[in-house]
Amino acid sequence: SAQAVKDYLDAFSAAGVLQTAKPHGQIKRNITNYFAKFFGGNAHEYALLNNTAEGMTFVAQSLPLTRGDKILLVEREYPSNVYPFLQLKRQGIEIGFVSPGTSNKEFLENIRAELSTNVRAMSLSAVDWLTGMKFDLAAIGRLLQSRGVAFLLDAAQGAGHVDIDVAALGVDAMAFSCWKWLLGPLGSGGLYVADSFLKKLDIRVAGTSSVKNDEVYLPHREDYKESVERFMLSTAPYMNWVHLEASLRFLDDVGLTAVQQRLMLLADGIADALRKAGFTVIRDSFGHDKTSIVCAKKEGDMNELHARLMKAGVVCAYREGNLRFSPHLNFTESDLKKFASIITAQ
């Protein structure tokens with residue numbers, strides 16, 4: 001990925017926007033093709049954005065809602081999947097929060113209990129960012145579809161990490177960042193909107209690139225693109241695209257299934273080391289719903305322990321009383337042995 005960016009910068013330094021080493025249009029098509037291959041749907045149903053919050057904001061502001069309608073979110077959700085919807089309260093839209101509980105069975109029943117007649121949409125993550133539990137998206141999708149509720153998905157913690165097939169799951173729209181499990185650069189993200197759902201949206205955002213034949217600037221017109229590309233408002237961070245395209249190609253060459261299997265193997269090794277060091281591993285209670293995110297806790301000041309681990313070279317996050325570990329392909333068996341040694345010494 002770094003070499004691809006260097007090649008692009010060399011070409012851009014020599015020819016600017018006229019460079020041909022990494023044609024912007026081809027890079028974009030390659031990325032959306034990878035998105036469709038990895039996550040289902042069609043390539044033209046994907047747009048390239050900068051982050052999850054941007055995609056969720058565009059969707060939230062385009063929902064065909066009226067005063068008194070309600071949107072369901074998840075308690076303790078990551079802010080990118082909350083703040084875009086909270087803005088709708090000033091329009092008289094109600095916001096409800098559903099507890100994820102401690103199992104998918106409990107979560108599904110909690111959702112069912114909150115599905116009042118005025119609920120129009122629900123937005124949730126593919127994986128609980130605080131615990132690492134994989135939500136039963138298939139069951140949730142069936143439930144929401146049976147009630148005529150739009151299914152919106154934040155896949156920042158899931159894209160490339162767990163199996164997602166937007167068409168099979170009945171997902172209407174999905175936003176995700178690409179710098180975690182997809183190995184992309186900071187400031188790269190994607191947005192999926194199903195063709196059938198796009199037709200229902202009341203889209204209120206537009207920019208230079210939102211109209212058909214966008215390279216023709218005048219006269220101004222409201223002849224907007226009929227695909228999700230309408231949300232790609234103007235000049236994009238092409239250098240990020242080059243990095244992301246190379247990373248997606250790498251993941252595809254390795255094989256996404258092989259990547260996911262490797263991540264689970266690494267997570268199992270981390271969990272085993274934590275257990276031996278006296279930690280309670282949260283994912284142990286998830287059964288088939290566990291993921292490669294390993295959250296754990298033990299007696300004592302976890303915030304202070306987090307600081308000590310970071311100082312010792314163990315990169316982890318402190319989340320609501322737990323430590324969270326998210327290994328990727330750059331984590332090796334030798335790293336795992338070193339990790340176990342450090343954890344045991346704490």
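Being a predicted model, the structure only gives us computed values, none of them experimental.

Here the focus is the overall build of the protein. The helix and strand tally for the protein stands at twelve helices and eleven strands. Oriented by its inertia axes, the alpha-carbon framework of the protein measures out at about 70 × 60 × 35 Å. Scored against the burial criterion, the 346 residues of the protein give a buried share of 52%. Across the protein, every contact between residues at least 6 apart in sequence was considered, and the portion connecting residues at least 24 apart equals 66%. Accessible surface, the protein: about 16100 Å² in total, of which carbon and sulfur atoms supply 51%.

With 87 residues, the main nonpolar core has Phe 35 and Met 174 as its most contacted residues. Among the elements that make up this core, the one with the highest residue count is helix H2 (residues 24-39) (seven residues). In this structure, Ala 267, Ala 273, Met 302 and Cys 316 belong to the second largest nonpolar core, which totals 23 residues.

The next subject is the sheet that holds strand E3 (residues 94-98). Strands sit in the order E1-E7-E6-E5-E4-E2-E3 across an open sheet of seven strands; the sheet is mixed. Each edge of the sheet is formed by a strand with only one pairing partner; in this case those strands are strand E1 (46-49) and E3. Within the sheet, the average angular offset between the axes of one strand and its neighbour, ignoring direction, is 20°. Across four bridges, the pairing between E1 and strand E7 (residues 189-193) is antiparallel. Counted as the bridge partner of Leu 48 is Gly 190 from E7. Helix H6 (residues 137-146) contacts strand E4 (119-125) and strand E5 (150-154) of the sheet and is inclined by roughly 150° relative to E5.

To continue, consider unusual backbone geometry. As a rule of thumb, non-glycine residues mostly have phi less than zero, and peptide bonds are mostly trans rather than cis. Leu 218 connects to Pro 219 through a cis peptide bond whose omega is 0°. Look at Arg 76: it is not a glycine, yet its phi comes out positive at around 60°. Locating Arg 76 in the fold gives a position in the loop between strand E2 (70-74) and helix H4 (83-86).

The next thing to look at is the packing of helix H1 (residues 2-15) against helix H9 (residues 238-254). At a minimum axis separation of 8 Å, H1 and H9 run at an interaxial angle of 145°. For the pair H1 and H9, the sense of crossing is right-handed. In this structure, H1 contributes Ala 4, Val 5, Tyr 8 and Leu 9 to the contact, and H9 contributes Tyr 238, Met 239, Val 242, His 243 and Ala 246. Of the residues assigned to the contact of H1 with H9, the class counts are eight nonpolar, one polar and no charged.

For the structure shown, the criterion picks out two cavities of 30 Å³ or more. Space inside the largest cavity adds up to approximately 50 Å³. Along its surface, the largest cavity is lined by Val 74, Glu 75, Arg 76, Glu 77, Pro 100, Ser 125, Asp 128, Trp 129 and Phe 135. Broken down by class, the residue content of the lining of the largest cavity amounts to four nonpolar, one polar and four charged. By volume, the second largest cavity is sized at about 30 Å³.

Below, the discussion takes up the environment of Met 232. Within the element layout of this structure, Met 232 appears in the loop between helix H8 (195-198) and H9. Excluding anything up to four places from it in sequence, Met 232 contacts Lys 28, Ala 47, Leu 48, Leu 49, Ser 209, Ser 210 and Trp 241.

Moving on, we get to the environment of Arg 29. Mapped onto the fold, Arg 29 is located in helix H2. Spatially, the C-alpha atom of Arg 29 lies 17 Å from that of Gln 19, the residues being ten residues apart in sequence.

With that settled, the discussion passes to the sheet that holds strand E10 (residues 317-319). As summarised here, the arrangement of the four strands in space is E8-E9-E11-E10, forming an open sheet in which the pairing is antiparallel. The sheet is open, and its two edges are formed by strand E8 (280-281) and E10, each paired on a single side. As judged from the three bridges shared by E10 and strand E11 (residues 322-325), these two strands associate in the antiparallel manner. What sits directly across from Tyr 318, in E11, is Leu 323. On the sheet, helix H10 (residues 256-276) packs against E8, strand E9 (294-297) and E11 and is oriented at approximately 5° with respect to E9.

It is worth spelling out H10 at this point. Its 21 residues give H10 an end-to-end C-alpha distance of 30 Å, which sits within 8% of 30 Å, the value for a rise of 1.5 Å per residue. Three or more residues of H10 are buried, namely Leu 256, Val 259, Gln 260, Leu 263, Leu 266, Ala 267, Gly 269, Ile 270, Ala 271, Ala 273 and Leu 274. Close packing links the buried residues of H10 with H2, H9, E8, E9, E11 and helix H12 (333-345). Phi for Gly 278, located one or two positions after H10, is positive at around 90°.

Next up on the list: the pattern of salt bridges. Under the defined criterion, the tally for this structure stands at 19 salt bridges. A salt bridge links Asp 268 to Lys 290; the nearest nitrogen and oxygen atoms lie 3.7 Å apart. Taken together, the residues span a long stretch of sequence, with Asp 268 in helix H10 and Lys 290 in the loop between E8 and E9 at a distance of 22 residues. Relative accessible area serves as the criterion here: at 32%, Asp 268 is assigned to the partly exposed category. Measuring nitrogen to oxygen at the nearest pair gives 2.1 Å for the salt bridge that ties Arg 308 to Glu 304. On the criterion of helical spacing, the pair formed by Arg 308 and Glu 304 is a turn pair, its members being four residues apart in helix H11 (residues 302-311). Looking at Glu 304, the relative accessible area reads 37%, which means it is partly exposed. In this structure, a network of salt bridges that share partners links the residues Lys 28, Asp 214, Lys 225 and Glu 229.

Definitions and limits used
Residues numbered from 1 in each chain as written. Predicted model: local features only at pLDDT ≥ 70, side-chain atom pairs only at ≥ 80, totals over all residues. Heavy atoms only, no water. Helix = DSSP H or I, 4+ residues; strand = E, 2+ residues; numbered from the N terminus. Buried < 20%, exposed > 50% of the residue type's maximum accessible area, 1.4 Å probe, protein only. Contact = heavy atoms within 4.5 Å. Areas by Shrake-Rupley, 256 points an atom, 1.4 Å probe, with all protein chains shown as cover. Core = buried A, V, L, I, M, F, W, Y, C linked by side-chain atoms within 4.5 Å. Pairing = 2+ DSSP bridges. Axes fitted to C-alpha atoms, helices over the stretch in contact; angles between N-to-C directions. Left-handed = near helix turned anticlockwise from the far one by under 90°. Nonpolar A, V, L, I, M, F, W, Y, C, P; charged D, E, K, R; others polar. 1 Å grid on protein atoms, 1.4 Å probe; cavity = no way out; pocket = protein on both sides within 12 Å on 5 of 7 lines; lining within 4 Å. Points joined across faces, edges and corners; volume = space filled by probe spheres on them. Expected span 1.5 Å × (residues − 1). Salt bridge = Lys/Arg side-chain N within 4 Å of Asp/Glu carboxyl O.

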